[in-house]
Amino acid sequence: MASKEKRKRLVIVESPAKARTIKGYLGDDFVVESSVGHIRDLPERAADIPEEYKKEKWARLGVDVEHDFQPLYIVDPDKKKKVSELRKLLKDSDELLLATDEDREGEAIAWHLLEVLQPKVPVRRMVFHEITKEAINRALGETRAIDERLVDAQETRRILDRLYGYEVSPVLWKKIMRGLSAGRVQSVATRLVVERERERREFRAASWWDIQATFDPESFDARLVSVDGKRLAQGRDFTNDGKLRNPDALQLDEEGARGLAERLEQSDFSVARVERKPYSRKPSAPFMTSTLQQEASRKLRYSAQTTMRVAQRLYENGYITYMRTDSTTLSESALTAARSQAAELYGADYVPEQPRRYERKVKNAQEAHEAIRPSGDTFHTPKEVQGELTRDEHALYELIWIRTLASQMKDAQGQTVSLRIAGTSSSGEQAEFGASGTVITFRGFLAAYEEGRDTVEEQSEDDERRLPNVAEGDTVQLKKLEPQGHETNPPARYTEATLVRTLEELGIGRPSTYASIIGTILDRGYVFKKGTALVPSFLAFSVVNLLEQHFGRLVDYGFTASMEDDLDRIASGDQNRNEWLRGFYYGRDGADGLHALVSDLAAIDAKEINSIPMGNGIVLRVGRYGPYLERDGQRANVPDDIVPDELTVEKAEALLAQPSGDRELGVDPETGHQIVARTGRYGPFVTEVLEEGSKEKPRTASLFKSMSLDTVTLDEALQLLSLPRVIGNRDGEEVTARNGRYGPYVQQGKESRSLESEEQLFSISLDDALALLAQPRQRRGGARQAAAPLKEVGSDPVTGHPIVVKSGRFGPYVTDGETNASLRQGDDPEEITLERATELLTERRARGPAKKPASRKRKA
């Protein structure tokens, strides 16, 4: 008798890696396939719009704004083959299990699959927040239907972002430059970075002096805090324009500080006051998405995008729980695992009697998720999984593991001591010095982990420092007095970590989107990195100017945060989606909606938007080919290496005072065209001047490095303009000498080889060129002789390898001996820091193909 045929069940997930891991946990009667993300979305291009909708006025938006904001979804042309594969698998299946991620995005993917595949077999929604055998089997027994409210919330976000981007972006194209984009959170994030740079531009430094004293016993340092009862002014007492906030504070100058120090040299000092307080510090909560991004930036130098890429791989391969979460909750099994492992590694005395439970920090957190933690009911130590992970994966796993354990350990305990040391100067002035220190008597969670800090002030806040055991009235011996000058610093630029923290504090966007938002503003050219700092381009100033002046509500921080609340109310069923979208698009309560704002552009003065007054009649303008300065018809390009807060009036005057760079060299005898030498955005060059209205493109050529704009001759210019030079012919193909972006080279067909100097372009013979082309091709970035390091920056905190800066064929780069990463705009090879070098290397490793170990799946 034939055996009964086994039941076939189709499981669909988003990614191939996730499918491979889950397949290993399920039996032969399951087929696990991935959709590779979304299978359908709103049309991105006009060509994607179905023919029957192309004549509709709303078609370019992909949303029917006239009829309840119905979205027009199309199957991505690149996904049609995938959809066919899924349909074929579904025909041979008795049941469909939609196992996409347990969040709004995952719920929407599942819903789209259901809408497109139209299954005729039973459908169940299968959810889990970690990929282990136990979690998968548990999810199989606890399936549910698709949550329509989550889908509604995600769909509303998608429609809102489409309307915002597709209506506002064209305004930027018309008034600033084509190719620009606007976005609900992207534009607000750009505004934050621009506002910080404005503060730095307006900043005026203030100086003050104080005195540092060294006393015995135990040679402890103390700093002058008051004179005759008047508190000494410190950096926090000054405004950004350099003025003293509190007129009652004493501002010492150099003369005053040195004079007071001299008058105190022979004084007697004693302890005027001793304050002792108990010290206690609690561990940080387990990671959620935003805090993981911040801490990985501080400790591992990962960008937000790198962190999410690496975390995605850890999740899909079963090492950590779901990494897009705004919850700090741990399950009961995770609490037990963390507490038992902490007790095993550090001792039972380091674990409190009761588990620590953390309230969620983010309003409207998706409570179905846990915090980010190691997966499973028992945690694998980093050492146990080291052979299964890449270096970056191992470093991030270790960070998540130790943070989870520390969250379940006892508080650090100790004592803080504050001393006041008093003395009378030879002129009768009563001077008081202050010193404070912290002594940790029980390290608690600090034995395992300490959270990183973003600023120097935060770093020194809880630093352990021991002071001598003295009592009030005790005499102390003065060893040294050192007057010290200080200057206030401008507000620090945002880093990825501090921008994420600020967006979270303002309630703008979702933690799961921060990485993509930062990636977008970097890719669009609104922001670039200088070290790890986020610096806005001058283009970003124009974009923010336009948005603030004509779309102020759309980039208002409070309004943007309130939109998140409204979207959450839609998700909970307390707000009608269509009514809310209608109010946003067409207006409500007397306020104009988006449609009205983008309909009347006559009031937007493009010249004003793209202008930044500098002072002294100088205006910086953002043009199609970059920023330039203008005054009374005189112009000067702004070099690429000048960042906005460094472009002062004095610097602008100096740039305008430079020669224009237009130097007439003579007339080309062959064409009759005037040849001039100029300075451009990318350095000095020569070009020919064509007649007005000519449709020809003028020949141009950069000067050699050995040439000068002031001394280049007509003959040299004509030689430069003759490039590329045809050296000869071989096998019916021309052999040419060319000067390219990466230096001089010879070429025949698709083969090319670098020359040693630019002068060889005019001297190399055909035989020499052919001999050079016959040599093996050098690897990209390689050289015939290893380049000497330009600078050593330290050791990579993940790999431990020394990192150096080198100069390569394609520009300066950093390397740890295994991975090379090119420097970016804003990176100065001479000033590159260990922090920035590590970030560049980590991003480069994350982009490359991950090294696959023999087996990525752990045994259950």
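Residue indices follow the written sequence of each chain, beginning from 1 at its first position. Note on the predicted model: pLDDT of at least 70 is required for a residue's local features to be given, and 80 or more for side-chain atom pairs to be given and counted; whole-chain, interface and lining totals, by contrast, use all residues. To obtain the side-chain values, all non-hydrogen atoms of the structure were included, while hydrogens and water were left out.

Quick notes on the nonpolar core
- Counting 152 residues, the largest nonpolar core has Ile320, Leu396 and Leu629 as the members making the most contacts within it.
- When residues in this core are grouped by element, the largest group, nine residues, is from helix H12 (residues 391–406).
- Look past the residues within four positions of leucine 629 in its chain and what remains in contact with it is Met614, Ile618, Val619, Leu620, Gln634, Arg635, Ala636, Val638, Leu647, Ala652, Leu655 and Leu656.
- Grouped together as the second largest cluster of nonpolar side chains are 28 residues, Ala213, Leu224, Val274 and Ala431 included. Grouping buried Ala, Val, Leu, Ile, Met, Phe, Trp, Tyr and Cys residues that are joined through side-chain atoms within 4.5 Å yields what is termed a nonpolar core. For every residue, the accessible area obtained with a 1.4 Å probe (protein chains only) is divided by the maximum for its type, and the residue is called buried under 20%, exposed over 50%, and partly exposed between those limits. In this description a helix means any DSSP run of H or I spanning at least four residues, a strand means any run of E spanning at least two, and both kinds are numbered starting from the N terminus. In what follows, residue pairs with any heavy atoms lying within 4.5 Å of each other are defined as contacts.

Considering empty space enclosed by the protein
- For each structure, a 1 Å grid was placed over the protein atoms alone; sets of points admitting a 1.4 Å probe that cannot get out are labelled cavities, open sets with protein on both sides within 12 Å along at least five of seven lines are labelled pockets, and lining residues have an atom within 4 Å of a point. Grid points are joined across faces, edges and corners, and a volume is the space filled by probe spheres set on the points. On inspection of all chains with the given rule, the structure shows one cavity of 30 Å³ or more.
- The computed volume of the largest cavity comes to approximately 60 Å³.
- Around the largest cavity, the lining residues are Ser297, Arg301, Tyr302, Thr495, Glu496, Lys529, Thr532, Glu835 and Glu839.
- Asp, Glu, Lys and Arg are counted as charged, while Ala, Val, Leu, Ile, Met, Phe, Trp, Tyr, Cys and Pro are counted as nonpolar; the rest, among them Gly, fall into the polar class. Looking at the lining of the largest cavity residue by residue, the classes come out as one nonpolar, three polar and five charged.

Description of the pattern of salt bridges
- Salt-bridge detection follows one rule: a side-chain nitrogen of Lys or Arg within 4 Å of a carboxyl oxygen of Asp or Glu. By the definition in use, this model includes 63 salt bridges.
- Its salt-bridge partner being glutamate 107, residue arginine 125 comes within 3.0 Å of it at the nearest N-O pair. Separated by 18 residues along the polypeptide, arginine 125 in strand E8 (residues 123–125) and glutamate 107 in helix H3 (residues 104–117) bring together distant segments of the chain. Like glutamate 107, arginine 125 is buried.
- Residue aspartate 731 is joined to arginine 730 by a salt bridge in which the shortest nitrogen-to-oxygen separation is 4.0 Å.
- Judged by relative accessible area, arginine 730 falls into the partly exposed class, the value being 33%.
- Via salt bridges that share partners, Arg104, Arg157, Asp161, Arg184, Asp326, Arg510, Glu564 and Asp568 belong to a single interconnected network.

Focus: the sheet that holds strand E32 (residues 811–815)
- Strand pairing is defined by DSSP finding a minimum of two bridges between the two strands. Taken in spatial order, the four strands of this open sheet run E30-E31-E32-E33, and their pairing is antiparallel. The open sheet has two edge strands with one neighbour each: strand E30 (791–795) and strand E33 (820–822). Geometrically, the sheet is characterised by an average inter-axis angle of 30° between neighbouring strands, direction not taken into account.
- In terms of strand pairing, strand E31 (residues 802–808) meets E32 through five bridges, oriented antiparallel. Its bridge partner lying in E32, serine 807 is registered against proline 812. Convention adopted: a line fitted to C-alpha atoms gives each axis, helices being fitted over their contacting stretch, and angles between N-to-C directions are expressed from 0 to 180 degrees.

As for the sheet that holds strand E24 (residues 683–689)
- Within the open sheet, the four strands sit side by side as E22-E23-E24-E25. Their pairing is antiparallel. The two strands at the open ends of the sheet, each matched to only one other strand, are strand E22 (663–667) and strand E25 (700–702). Here the strands of the sheet are splayed against their neighbours by 25° on average, with no regard to which way each runs.
- As judged from the four bridges shared by E22 and strand E23 (residues 674–680), these two strands associate in the antiparallel manner. Counted as the bridge partner of glutamate 664 is valine 676 from E23.

What about the pairing of strand E9 (residues 207–216)?
- Of all 10 residues making up E9, eight are buried, and the element is well covered by its neighbours.
- Where E9 lies against strand E15 (residues 475–487), 10 bridges are found, and the strand directions are antiparallel. Residue pairing across strands places tryptophan 209 opposite glycine 485, the latter belonging to E15.
- Looking at chain direction, E9 and strand E10 (residues 220–227) are connected through four bridges and run antiparallel.

A look at H12
- A helix is expected to span 1.5 Å multiplied by its residue count minus one. Over its 16 residues, H12 runs 22 Å from end to end, which matches the ideal 22 Å to within 8%, given 1.5 Å per residue.
- Counting buried residues in H12 gives 14 out of 16 residues, a clear majority hidden from the surface.

Here's the deal with helix H2 (residues 80–91)
- The end-to-end C-alpha separation of H2 is 17 Å, in line with the 16 Å expected for 12 residues at 1.5 Å each.
- When we look at burial in H2, the residues that qualify are Lys82, Val83, Leu86 and Leu90. Down the axis of H2, the sector holding all buried residues measures 100°, keeping them to one side. H2 presents Lys80, Lys81, Lys88 and Lys91 as exposed residues on the side facing more than 90 degrees away from its buried surface.
- In this structure, the buried side of H2 is in contact with strand E1 (9–13), strand E2 (30–34), strand E6 (74–75), strand E7 (95–98) and H3. This arc corresponds to the set of directions leading from the helix axis out to the C-beta atoms.

Describing a negative patch on the surface
- On the surface, a cluster of negative charge is made up of Asp641, Asp828, Glu830 and Glu831.
- The residue aspartate 641 is located in the loop between strand E21 (634–637) and helix H21 (649–657) in this model. Residues enter a patch when their relative accessible area is above 30% and they make no salt bridge; the linking distance is 9 Å between like charges and 5 Å between nonpolar side chains (Val, Leu, Ile, Met, Phe, Trp, Tyr). Where accessible areas are quoted, they stem from the Shrake-Rupley method and a 1.4 Å probe; at the residue level, only the protein chains shown are allowed to cover. Charged residues are defined narrowly, with Lys and Arg counted positive, Asp and Glu counted negative, and His plus the chain ends left uncounted. Charged groups are reduced to one reference atom each: NZ for lysine, CZ for arginine, CG for aspartic acid, CD for glutamic acid.

Notes on the packing of aromatic side chains
- Only rings of Phe, Tyr and Trp enter the pairing, Trp through its six-membered ring, and a pair is recorded when the two centres are within 6.5 Å. The plane angle decides the type: under 30 degrees is stacked, over 60 is edge-to-face, the rest tilted. Counting across every chain of the model gives 16 aromatic pairs.
- Look at phenylalanine 215 and phenylalanine 433: their rings are 5.9 Å apart centre to centre, the planes differ by 80°, and that puts the pair in the edge-to-face class. In this pair, phenylalanine 215 is assigned in strand E9 and phenylalanine 433 in strand E14 (residues 430–442), connecting sequence segments 218 residues apart.
- Since its relative accessible area comes to 0%, phenylalanine 215 is described here as buried.
- Classification of phenylalanine 433 as buried rests on a relative accessible area of 0%.
- Pairwise contacts between aromatic rings join Phe215, Phe220, Phe269 and Phe433 into one cluster.
- When the NZ atom of lysine or the CZ atom of arginine is within 6 Å of a ring's centre and also within 35 degrees of its normal, the charge is said to sit over that ring. Lying across the ring of tyrosine 557, arginine 191 places its NZ or CZ 4.6 Å from the centre.
- The residue whose ring lies beneath lysine 299 is tyrosine 449, and the NZ or CZ to ring-centre distance is 5.2 Å.

A word on the confidence of the model for the chain
- Looking at any residue, its pLDDT shows the predictor's confidence there, from 0 to 100. Residue-level pLDDT values for the chain average 88, and 93% of them are 70 or greater.
- Low pLDDT, under 50, characterises residues 780–784; the predicted model gives this stretch 10 contacts beyond four residues in sequence or across chains.
- Low pLDDT, under 50, characterises residues 850–860; the predicted model gives this stretch 20 contacts beyond four residues in sequence or across chains.

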